Amino acid sequence: AEDGIRDYKVTGVQTCALPILLFAEPGEVTKGLGQKLGAGCILVSPGSSYQKITKNHYQLNPTAVEEFKLLLAEVSAENAPIRGIVHLWSSLTTNAQLDTALEYGCASLLHLVQALVQSQQQEMPSLWVVTQGAMSVKSEGETVEVQQTPLWGLGRVVAWEHPELKCRLLDLESNSQATEIVRLLHQELMSPEDDSQIAYRQGKRQVSRLVRRHKTEPQSGITITSEASYLITGGLGALGLQLAQ
């Protein structure tokens, strides 16, 4: 996008043209989002080391937490405070690239969150974590991109431990075209809804929510027998040891 001023919304809040970081590769998706979000859109692509390619394009190593800190400091120094962050790196991987998926997904998100927390900004940016085919929404036979699934687990933890980031998880279909990704992602960024776990399947918006159970069904008791095997999770604290005994 060309330099200039344009108003846009992030998670339904009208703002001035504050920068929004888009963690993605150059391509149709980033071009489309840049056109919709305006001059405040700054691209961050994965690479071997930190580099400022242009005013609106940076590159950094997904495994180097110090480079994330440097990015936030430099962008904040040269622009207004960062308003939003959209993390799309995980969608760049396939299930045959597990090592790369770990770096682009969980490692980069962890380092990003650590850098954000340590930056101690007066107002934290909203964080969007975008995957494609990471979750099985309804169909039992639905194909899942397993290398992206762990990002949802980490994203849920981030939402609990750092509510100031307003972390939202968005899962699009794995075969989504660039124009559809741009449309849906822009639609969510503009939405006033506060749903934190969202998935689109066949154009329909699905959300994860707790609902009250209207009918009470009898619960079957649990019978523990000496012939069976049981897995006790939670470490070696007093409760786990007592239960095992």
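Reading the values: rules and limits
Residues numbered from 1 in each chain as written. Predicted model: local features only at pLDDT ≥ 70, side-chain atom pairs only at ≥ 80, totals over all residues. Heavy atoms only, no water. Core = buried A, V, L, I, M, F, W, Y, C linked by side-chain atoms within 4.5 Å. Buried < 20%, exposed > 50% of the residue type's maximum accessible area, 1.4 Å probe, protein only. Helix = DSSP H or I, 4+ residues; strand = E, 2+ residues; numbered from the N terminus. Contact = heavy atoms within 4.5 Å. Pairing = 2+ DSSP bridges. Axes fitted to C-alpha atoms, helices over the stretch in contact; angles between N-to-C directions. Phe/Tyr/Trp six-rings, centres within 6.5 Å; stacked < 30°, edge-to-face > 60°. Right-handed = clockwise from strand over helix to strand, strands pointing away.

*Asks:* Before we move on, can you summarise the nonpolar core with the specific residues and values?
*Replies:* Core analysis: the largest hydrophobic core is formed by 32 residues, its most contacted members being L21, F23, L71, I85 and L127. Secondary-structure elements contributing two or more residues to this core are β3 (20-23), β4 (41-46), β6 (57-60), α2 (65-78), α3 (98-119), β8 (126-132) and α4 (150-161). Looking at which element gives the most residues to this core, the answer is α3, with seven residues. Those residues in contact with L21, other than ones at most four positions away along the chain, are I42, V44, L71, L72, V75, I82, G84, I85 and V86. Listed in part, the 22 residues of the second largest apolar core include I20, L22, W128 and V182.

*Asks:* Residue-level account of the sheet that holds strand β9 (residues 168-172), with values.
*Replies:* If you trace the nine strands from one edge of the open sheet to the other, you get β5-β6-β4-β3-β7-β8-β9-β10-β11, paired in mixed fashion. The open sheet has two free edges, formed respectively by β5 (51-54) and β11 (204-207), since each of these has just one partner strand. Strand after strand, the sheet turns through a mean of 20° between neighbouring axes, direction not considered. The sheet contact formed by β4 and β6 spans four bridges and is parallel. Within the sheet, the bridge partner assigned to P46 lies in β6 and is L60. Across the sheet, α2 touches β3, β4, β5 and β6, and the angle it forms with β6 is around 165°.

*Asks:* An account of the packing of aromatic side chains is requested, with residue identities and associated values reported.
*Replies:* Under the criterion given, the structure shown has five aromatic pairs. A network of ring pairs unites the aromatic residues F23, F68, W89 and Y104 as a single cluster.

*Asks:* Account for the pairing of β4, with residues named and values stated.
*Replies:* Put simply, side chains in a regular strand alternate between the two faces of the sheet. The element β4 is extensively covered by neighbouring structure, given that six of its six residues are classed as buried. What you see with β4 is no split at all: C41, L43 and S45 on one side and I42, V44 and P46 on the other are buried throughout. When β3 meets β4, the two strands line up parallel, connected through four bridges. Looking at β4, one finds that I20 is bridged to C41. A crossover links β3 with its parallel partner β4, the connecting element being helix α1 (residues 28-37), and its sense is right-handed.

*Asks:* Requested: an account of the environment of H162, with residues and values cited.
*Replies:* Assignment of secondary structure puts H162 in the loop between α4 and β9. Put simply, H162 and V113 are 49 residues apart on the chain and 8.7 Å apart in space, counted from C-alpha to C-alpha. Sequence-distant contacts of H162, defined by excluding residues within four places in its chain, comprise V113 and V117.

*Asks:* Break down the environment of W152 for me, with residues and values.
*Replies:* Tracing the backbone through its elements, the reader meets W152 in helix α4. Linking W152 and D171, residues 19 residues apart in sequence, is a C-alpha distance of 9.2 Å. Setting aside anything within four residues of it in sequence, one finds W152 in contact with T131, A134, M135, L169, L170, D171, Q197 and I198.

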